[in-house]
Amino acid sequence: MKIVQSFWSKPQAVALLNGWESRLHGGWYDDKYHHMSWALSCLQLRRFYKDVELVTDEAGKKLLIDQLNLPYTKVTVVLDNINDYHPDLWALGKLYSYNIQEEPFLHIDGDIYIWKPFEPALLRSGLIAQHLEKGHSYYVKVMKMVDEHIPYLPETLINYRKNNPAINAFNTGLFGGCDVEFIRKYSERAIQFVNDNIDYLNRISIGPFNTIYEQVLFLCMANEHHKPVHLFTSTIGEKNVNDEINSLANFRKAPAGVPYIHLFGCNKKKIMYCREVAYKLKENHPAYYEMIMDMTAVFA
């Protein structure tokens, strides 16, 4: 199974959100750490996999390939095709990337770092996600906003909620599988969900909406079609998600006993996490660390 990463540059260049939901600098404290994260993520994947592909746009290619010289084995420049969308619809870049895949794949976010390969059983699965987010309070608040302001909900989402009052989702920091046909149907339906409501997005906070049309919808469709989803980790509770995935202590221990880190959410804006990314890059790939530091000095 090939590994895929995607980078739609528009959200990090013209993000309009404020606070932790903003994708300015890729959601990081500043561009330096954003670039270090991409370097660490790609380089660690290449340690274990011979095929690591990038789906991006022209600006993304200029940054990740021409400037950072990251060793992707294939680069597909197609995400300029979605530049007419609002920049805070950041999940669209991932969904478009899923949709064009023609063979089994595992998509890895650029804020995920590994220190050992994935288990073979995971890579043989029809559908793969990072973990189940069950009854997380964040989704309750976002879904309330959607119910109040978004008129056109997919039937699969409506039907699921009739029998499941809790708002559940699969975290898709890690996503993919061998069932490429179903993944294509899901990604098309997610994009259609956005298109159906494009004239109503000014009524909502767009950043949180990404989790509904990407992660909640995927769970609903997998349930509707009786598709099992192989989870990378069994973490499900809100406290456990925060403790297991976000822990600074875990990041500092990696790779000793913690071979997988997904640094998502507001932690990317916290300088202690940023410094840990810098330390891990310097420790594992010093030449890239020095290059990015030199770039920062030039553009400062």
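Residues numbered from 1 in each chain as written. Predicted model: local features only at pLDDT ≥ 70, side-chain atom pairs only at ≥ 80, totals over all residues. Heavy atoms only, no water.

Turning next to helix α7 (residues 155-163). Within an α-helix, residues lying three or four positions from one another point in the same direction, as the helix has 3.6 residues per turn. Among the residues of α7, those classed as buried are Thr156, Leu157 and Tyr160. The arc that holds the buried residues of α7, viewed along the axis, is 100°, so those residues lie on one side. Relative to its buried face, α7 has exposed residues pointing more than 90 degrees away, namely Glu155 and Lys162. On its buried face, α7 sits against α6 (137-149), α8 (180-196) and α9 (206-224). (Buried < 20%, exposed > 50% of the residue type's maximum accessible area, 1.4 Å probe, protein only. Helix = DSSP H or I, 4+ residues; strand = E, 2+ residues; numbered from the N terminus. Arc of directions from axis to C-beta. Contact = heavy atoms within 4.5 Å.)

Compared with an ideal rise of 1.5 Å per residue, which puts 18 residues at 26 Å, helix α2 (residues 31-48) spans 27 Å between its outermost C-alpha atoms and is within 8% of the ideal. Burial analysis of α2 places 14 of its 18 residues in the buried class, which makes it a mostly covered element. Capping the start of α2, Asp30 holds a side-chain oxygen 3.2 Å from the backbone nitrogen of Lys32, two or three residues further along. (Expected span 1.5 Å × (residues − 1). Polar contact = N/O pair within 3.5 Å; in protein donor to acceptor, adjacent residues only side chain to side chain.)

Ranked by size, the top nonpolar core spans 50 residues in total, and within it Leu89, Leu92, Tyr186, Phe209, Ile212, Tyr213 and Phe218 carry the most contacts. Put simply, the parts of the chain that give this core at least two residues each are α4 (91-99), β6 (128-133), α6, α7, β7 (169-177), α8 and α9. The leading source of residues in this core is α9, at 11 residues. Setting aside residues no more than four positions away along its own chain, Phe209 makes contact with Leu89, Val142, Met145, Val146, Phe193, Val194, Leu201 and Ile204. The next biggest cluster of nonpolar side chains, apart from the first, holds 47 residues, and it includes Leu43, Ile114, Leu248 and Val258. (Core = buried A, V, L, I, M, F, W, Y, C linked by side-chain atoms within 4.5 Å.)

This paragraph deals with the environment of Ser125. With respect to the element layout, Ser125 can be found in the loop between α5 (120-123) and β6. Using a relative accessible area of 10% as the deciding quantity, one classes Ser125 as buried. Separated by 103 residues in sequence, Ser125 and Pro228 place their C-alpha atoms 8.9 Å apart. Beyond its immediate chain neighbours, meaning those up to four positions away, Ser125 contacts Gly177, Cys178 and His230.

Right, let's talk about the side chain of Gln215 for a bit. Structurally, Gln215 can be placed in helix α9. Accessibility expressed as a relative area gives 9% for Gln215, which makes it buried. Ignoring any residue separated from it by four or fewer positions in sequence, one finds Gln215 in contact with Glu133, Tyr139, Ala169, Phe170, Asn171, Thr172 and Asn210.

Now for unusual backbone geometry. Backbone torsion omega between Ala254 and Pro255 reads 5°, so that peptide bond is classified as cis. When you line up the elements, Pro255 lands in the loop between α11 (248-253) and β9 (260-262). One non-glycine residue, Asn69, lies in positive phi territory at about 55°. Mapping Asn69 onto the fold places it in the loop between α3 (58-67) and β3 (74-77). Non-glycine residue His226 carries a positive phi angle of around 55°. Within the secondary structure layout, His226 lies in the loop between α9 and β8 (230-231). Since its relative accessible area comes to 70%, His226 is described here as exposed.

On their own, these measurements won't tell you what the molecule is for.
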